[in-house]
Amino acid sequence: MNDQSVEFLPYHAINEFMRDDYRLQVIQEVFNNENLLEEDLRNSFDKMTRLALKVPGFRNSAKAPTRVKIKPAVDAFERNPFFVAVVLECWSIMHLELKKNVYAQLSGRGWQILPVDTDRTQLPGFLMTWPAGETFEKLVTAFQELYPDDHQQPDDISLMVVWLSGRLPYQEDDEELEEEK
């Protein structure tokens, strides 16, 4: 019997892997396009915005103009795992084609991941293990080879890999290392 416990990192641990300018870009994109989300997800995003953001002069932070709530949103993204989860779920829905393609790529590479339509906001966070031998650079290159007409930015591909896999590359998966020997 295997007595290993599974450790999760809170969602805001992703900040260690995101550049500041890219974090800002993702948050702005979600705020600027939230009207494109289905009602349930938009309501979850608005609720989390009200709870996680403190925008001076607004009792309801969700009603503040985007330009006013961006700074508080970046602060919330850096410290609130629930806000991170909702923002990333919204972002992934806004990139459905990328989501489907990255899912197919990871599945084809033997990654064990939840189905593409799983609500990842309900998970406790990111797993700390990463498949041995995989790097963002390898994954981006493989994606670009698989989908040469899909001109995605490397940061978007990497973020979708992290979100769909539910993993951050803190340590390589020892079991996969053993299987390769």
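Just so it is clear, the structure is predicted and the values come from calculations on it, not from any experiment.

Peer 1: Tell me what's going on with helix α6 (residues 136-146), and back it up with residues and numbers.
Peer 2: Residues of α6 that are buried: L139, V140, A142 and F143. Along the axis of α6, the buried positions cluster into a sector of 165°, meaning they face one direction only. Those residues of α6 that are exposed and aimed more than 90 degrees away from the buried face are E137 and E145. Buried residues along α6 sit in contact with α5 (96-108), β2 (126-130) and α7 (154-165).

Peer 1: I'd like a rundown of the nonpolar core, residues and numbers included.
Peer 2: Counting 50 residues, the largest nonpolar core has I14, F77, F83, L88 and V102 as the members making the most contacts within it. The set of elements that each furnish at least two residues to this core consists of α1 (20-33), α2 (39-52), α3 (66-79), α4 (81-93), α5, β2, α6 and α7. A total of 8 residues in this core trace back to one element, the largest contributor, which is α4. Beyond its immediate sequence surroundings of up to four residues, F83 is in contact with F31, F45, M48, T49, A52, L53, A73, A76 and F77.

Peer 1: I'd like a description of the pairing of β2, backed by residues and values.
Peer 2: Of all the 5 residues making up β2, 4 are buried; the element is thus mostly covered by neighbouring parts of the structure. Pairing of strand β1 (residues 8-9) with β2, which is carried by 2 bridges, proceeds in the antiparallel orientation. Looking at β2, one finds that F8 is bridged to L127. Looking at chain direction, β2 and strand β3 (residues 167-172) are connected through 3 bridges and run parallel. Counted as the bridge partner of T129 is Q171 from β3.

Peer 1: Report on the side chain of Q152, specifying residues and quantitative values.
Peer 2: Along the chain, Q152 falls in the loop between α6 and α7. Reaching out from Q152, the side chain makes a polar contact with the side chain of D150 at a distance of 2.9 Å. Dropping the residues within four chain positions of it, Q152 is found in contact with L98, F143, Q144 and I157.

Peer 1: Account for the packing of α2 against α4, with residues named and values stated.
Peer 2: Across the interface, α2 lies against α4 with an axial gap of 10 Å and an inter-helix angle of 150°. Viewed along their axes, α2 and α4 adopt a mutual orientation that is roughly antiparallel. The handedness of the crossing between α2 and α4 comes out as left-handed. Across from L41, S44, F45, M48, T49 and A52 in α2, the residues of α4 making contact are F82, F83, V86, V87, E89, C90 and I93.

Peer 1: Help me get a handle on the environment of R42, residues and values and all.
Peer 2: If you trace the backbone, R42 turns up in helix α2. Overall, the relative accessible area of 24% leaves R42 in the partly exposed class. Taking the C-alpha atoms as reference, R42 lies 8.1 Å from C90; in sequence the two are 48 residues apart. Here R42 is in contact with E34, N35 and L37, once residues within four sequence places are set aside.

Peer 1: Provide a residue-level description of the sheet that holds β2, including the pertinent values.
Peer 2: Taken together, 3 strands build an open sheet; the order of strands is β1-β2-β3 and the sheet is mixed. Across the chains shown, the open sheet's two edge strands, defined by having one partner strand only, are β1 and β3. Sheet strands touched by α7: β2 and β3. Its angle to β2, the strand with the most contacts, is close to 110°.

Peer 1: Go over the pattern of salt bridges, please, and point to the residues and values.
Peer 2: Summed over all chains, the structure comprises 6 salt bridges. Note that D21 and R19 form a salt bridge whose closest N and O atoms lie 3.0 Å from each other. Its relative accessible area of 46% is what places D21 among the partly exposed residues. Ionic pairing is found between D75 and K71, a salt bridge with its closest N-O pair at 3.2 Å. With D75 and K71 both in helix α3 and 4 residues apart, this pair spans about one turn of that helix. Look at D75 and you get partly exposed, because its relative accessible area is 27%. Overall, K71 belongs to the exposed group, its relative accessible area being 57%.

Rules behind the numbers
Residues numbered from 1 in each chain as written. Predicted model: local features only at pLDDT ≥ 70, side-chain atom pairs only at ≥ 80, totals over all residues. Heavy atoms only, no water. Buried < 20%, exposed > 50% of the residue type's maximum accessible area, 1.4 Å probe, protein only. Helix = DSSP H or I, 4+ residues; strand = E, 2+ residues; numbered from the N terminus. Arc of directions from axis to C-beta. Contact = heavy atoms within 4.5 Å. Core = buried A, V, L, I, M, F, W, Y, C linked by side-chain atoms within 4.5 Å. Pairing = 2+ DSSP bridges. Polar contact = N/O pair within 3.5 Å; in protein donor to acceptor, adjacent residues only side chain to side chain. Axes fitted to C-alpha atoms, helices over the stretch in contact; angles between N-to-C directions. Parallel < 35°, antiparallel > 145°, perpendicular 65-115°, else oblique. Left-handed = near helix turned anticlockwise from the far one by under 90°. Salt bridge = Lys/Arg side-chain N within 4 Å of Asp/Glu carboxyl O.

These values are about where atoms sit, not about what they do.
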